[in-house]
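Coordinates in review
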Amino acid sequence: MLALRKVTRTRSLLSRRLFFHDTPLLGHRKISSSSCRFQDAEAKAASETEDIDTMDRLLRVVRERSNPAYYSIMPSRKPGPWSEALLTDTTSSAPTSEIPPPPPSQESMSPRRMHETYSQIILPFASSPELFEQYTNASGGLRTGMLMEHLDSLAGSIAYKHMLGPSVETLGRVQERGFYIVTASVERLDMLAPLYPVRDIRLSGQVIYAGKSSMEVAVKMEALNPNRGEETLMLGRFSMVCRDARTHKARPVNPLIIDTPEEEVLYKMGESSKNRRQYAALQALSRVPPSSDEAADLHATYLKYGQEDESLVRSDRVWMGDTLLEKTMLMFPQERNVHQKVFGGYLMRLAHELGFANACFFMRSHVTFHSLDGISFTQPVPIGSILRLRSQILHTSPPGELPATVHVRVVAGVVNVQTGHEETTNDFRFTWAGDDGKSTPRIIVPKTYQESMLWLEGKRALEMGAQIRGNRIRALEGEQ
């Protein structure tokens, strides 16, 4: 009865949040852009914080109803020899036929239950020194980028399990099943507790929402301690979309059956996450101008730090363009997925490691990962292509503020060697914090209008992350 009361309260709070997020799109109240922007940021931070706590609790409840026989994940990498893949490749980005594909059969579109998609991976780092050696970093901890790579693979496997059924153990060929699934975006991955000390890790997740052609997959990372029980280390959401194998257009996904109040709350959270993402896209700086407060902050930064006076040496100023750090690589078939493209989790790891290096250079100290603030996947990276990764520091916490945080962007692009043209494939956003206990030694200053918009995007991300972490700390203190 107590658990049911908690769920009822959560549903009530969630309804108020959903109403708030819908209001700006439906109403036309005359509110200043600065006031609306501040209220929206506060509400979104509160919503994210409550989502994290509620989702963590409810995912455990749903896991208890899952069948351990279906916990294993489907292999999503290296499907057979590359020589064979070259002869049978049918995953070209161009449609193979103008004839519309037949609709999915009624049997293949049978509804799925939420707990049927639950999957997990156990990484016994504490009990297997050999495994820990493969993941350890220079500081004796775990490589976060490699764990993110596993989370992406897990999310993809869960999405396929939702489409094919919990008892299916292999994916088969794309042309045989008639569809494929790709990662559209990652909304957030928040680090909720430190990875150290090293313990056994469980990565798990399940589908919590199914739309027409997309799915929301919740994933989390937990430390397994025999003496202290389970501790959630990271929680996040992946947005997966289904595409027809012939036309590469949207393909319907199996509907989701909701059996319990806990599952209903999770479903509403997944739906809310999708709505927030759509609303955020409408409010992006690529569509609408910054608020008056943001413009004032940008102008104040320009007046204080942006004057290009050769007689003035500014040791506390770094031009955004001077923080560029690049890495160019060949994409080999060993890192391919079942679609014969470069595995998205591998790209996440590359971006994380380049962003980490850039953050260390700028902070002049070792840094700790705080959050992945978002990833957009615009198109796949072909095997054999030349990939260029560009990292830039977009924003930092104000001088004197602790912990000192830095927001980093990493853009991935495929380069055409014949024309030199580069096409963006991914956009990654990360936040790290300095480990030396000092405030930010320098600040980032933009030069161009485009850099100014990126500067404001970084400012928004750092403010959002700080509010989420602050809300969570206060919530945990209130429980003690």
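For the structure itself, look to the data block above.
Since we're looking at a predicted model, the values are computed, not measured.

We now examine the overall build of the protein. A count of helical and extended segments in the protein gives 10 helices and 14 strands. Looking at the protein as a whole, 51% of its 480 residues are labelled buried. For the protein, the computed accessible surface area is about 23100 Å², with 54% contributed by carbon and sulfur atoms.

Before going further, it helps to spend a moment on the pairing of strand 10 (residues 367–377). When you tally the buried positions in strand 10, you get nine out of 11 residues, the bulk of the element. Across four bridges, strand 3 (residues 179–191) lies against strand 10 in antiparallel orientation. Directly across from Leu189, in strand 10, lies its bridge partner Leu372. Note that strand 10 and strand 13 (residues 422–434) share nine bridges and pair antiparallel. Within the sheet, the bridge partner assigned to Ser371 lies in strand 13 and is Thr431.

Below, the discussion takes up the environment of Gln334. Along the polypeptide, Gln334 turns up in the loop between strand 9 (325–330) and helix 9 (344–363). Take Gln334: its relative accessible area is 46%, and that puts it in the partly exposed class. Distance from Gln334 to Ile383, taken between C-alpha atoms, is 9.1 Å for residues 49 residues apart in sequence.

Counted as a void, the second largest pocket has a volume near 830 Å³. Every residue lining the second largest pocket is counted, 34 residues in all, and those nearest its centre are Thr144, Leu195, Val367, Thr368 and Phe369. When residues in the lining of the second largest pocket are grouped by element, the largest group, five residues, is from helix 10 (residues 449–479). In terms of residue class, the lining of the second largest pocket is built from 18 nonpolar, 10 polar and six charged.

Applying the stated criterion to the full structure yields nine aromatic pairs. A ring pair is formed by Phe356 and Trp432, whose centres lie 6.4 Å apart and whose planes are at 65 degrees; its orientation type is edge-to-face. Of the two residues, Phe356 sits in helix 9 while Trp432 sits in strand 13, which places them 76 residues apart along the sequence. Note on Phe356: relative accessible area 26%, which makes it partly exposed. Ring geometry for Phe428 against Phe430: centres 6.3 Å apart, planes inclined by 5 degrees, an arrangement best described as stacked. Residue classification places Phe430 among the buried residues on the basis of a relative accessible area of 0%. Arg177 extends its terminal NZ or CZ atom over the ring of Phe179, reaching a point 5.9 Å from the ring centre. Positioned above the aromatic ring of Phe362, the side-chain terminus of Arg442 is 4.7 Å from the ring centre.

Moving on, we get to the environment of Met329. Relative to the assigned elements, Met329 resides in strand 9. A relative accessible area of 17% places Met329 in the buried class. Measuring from C-alpha to C-alpha, the distance between Met329 and Arg388 comes to 6.5 Å, with 59 residues separating the pair along the chain.

It is worth spelling out the side chain of Arg442 at this point. Here Arg442 lies in the loop between strand 13 and strand 14 (443–445). Although buried, Arg442 forms no salt bridge, and the nearest oppositely charged side chain, Asp322, lies 8.9 Å from it. Within the structure, Arg442 has its side chain in polar contact with the backbone oxygen of Phe362 (distance 2.6 Å). Apart from the residues within four sequence positions on either side, Arg442 is in contact with Ser315, Asp316, Val318, Phe361, Phe362, Arg364 and Thr396.

Scoring rules and cut-offs
Residue numbers restart at each chain and count upward from 1, following the sequence in its written direction. With the structure being a predicted model, the display of local features is reserved for residues of pLDDT at least 70 and the display and counting of side-chain atom pairs for 80 or more, all residues being used for whole-chain, interface and lining totals. Side-chain measures here rest on the full set of heavy atoms in the structure, leaving out hydrogens and waters. Helix and strand definitions here come from DSSP, where helices need a minimum of 4 consecutive H or I residues and strands a minimum of 2 consecutive E residues; each element is numbered from the N-terminal end. The rule is simple: take the accessible area with a 1.4 Å probe, protein chains only, and divide by the maximum for that residue type; under 20% is buried, over 50% is exposed, in between is partly exposed. Residue exposure ignores everything except the shown protein chains as possible cover, and the areas themselves are Shrake-Rupley values with a 1.4 Å probe. Strand pairing follows a simple DSSP-based rule, namely that at least 2 bridges must link the two strands. As defined here, a cavity is a set of points on a 1 Å grid over the protein atoms alone where a 1.4 Å probe fits but cannot get out. A pocket is an open set with protein on both sides within 12 Å along at least five of seven lines, and residues line them when an atom is within 4 Å of a point. Grid points are joined across faces, edges and corners, and a volume is the space filled by probe spheres set on the points. Amino acids outside the nonpolar list (Ala, Val, Leu, Ile, Met, Phe, Trp, Tyr, Cys, Pro) and the charged list (Asp, Glu, Lys, Arg) are all regarded as polar, and Gly is one of them. Pairing of aromatic side chains requires ring centres within 6.5 Å, counting the rings of Phe and Tyr and the six-membered ring of Trp. Pairs whose planes differ by under 30 degrees are stacked, by over 60 edge-to-face, and all others tilted. Working rule: Lys NZ or Arg CZ, within 6 Å of ring centre, within 35 degrees of ring normal, means a charge sits over the ring. Just so you know, the count uses Lys and Arg for positive and Asp and Glu for negative, and it drops His and the chain ends. Each salt bridge in this description consists of a side-chain nitrogen of Lys or Arg and a carboxyl oxygen of Asp or Glu lying within 4 Å of one another. For this analysis, a polar contact is any N or O atom pair within 3.5 Å, provided that within protein one partner can donate a hydrogen and the other can accept it, and provided that sequence-adjacent residues contribute only side-chain to side-chain pairs. For this analysis, residues touch if any pair of their heavy atoms sits within 4.5 Å.

None of this, on its own, says anything about what the molecule does.
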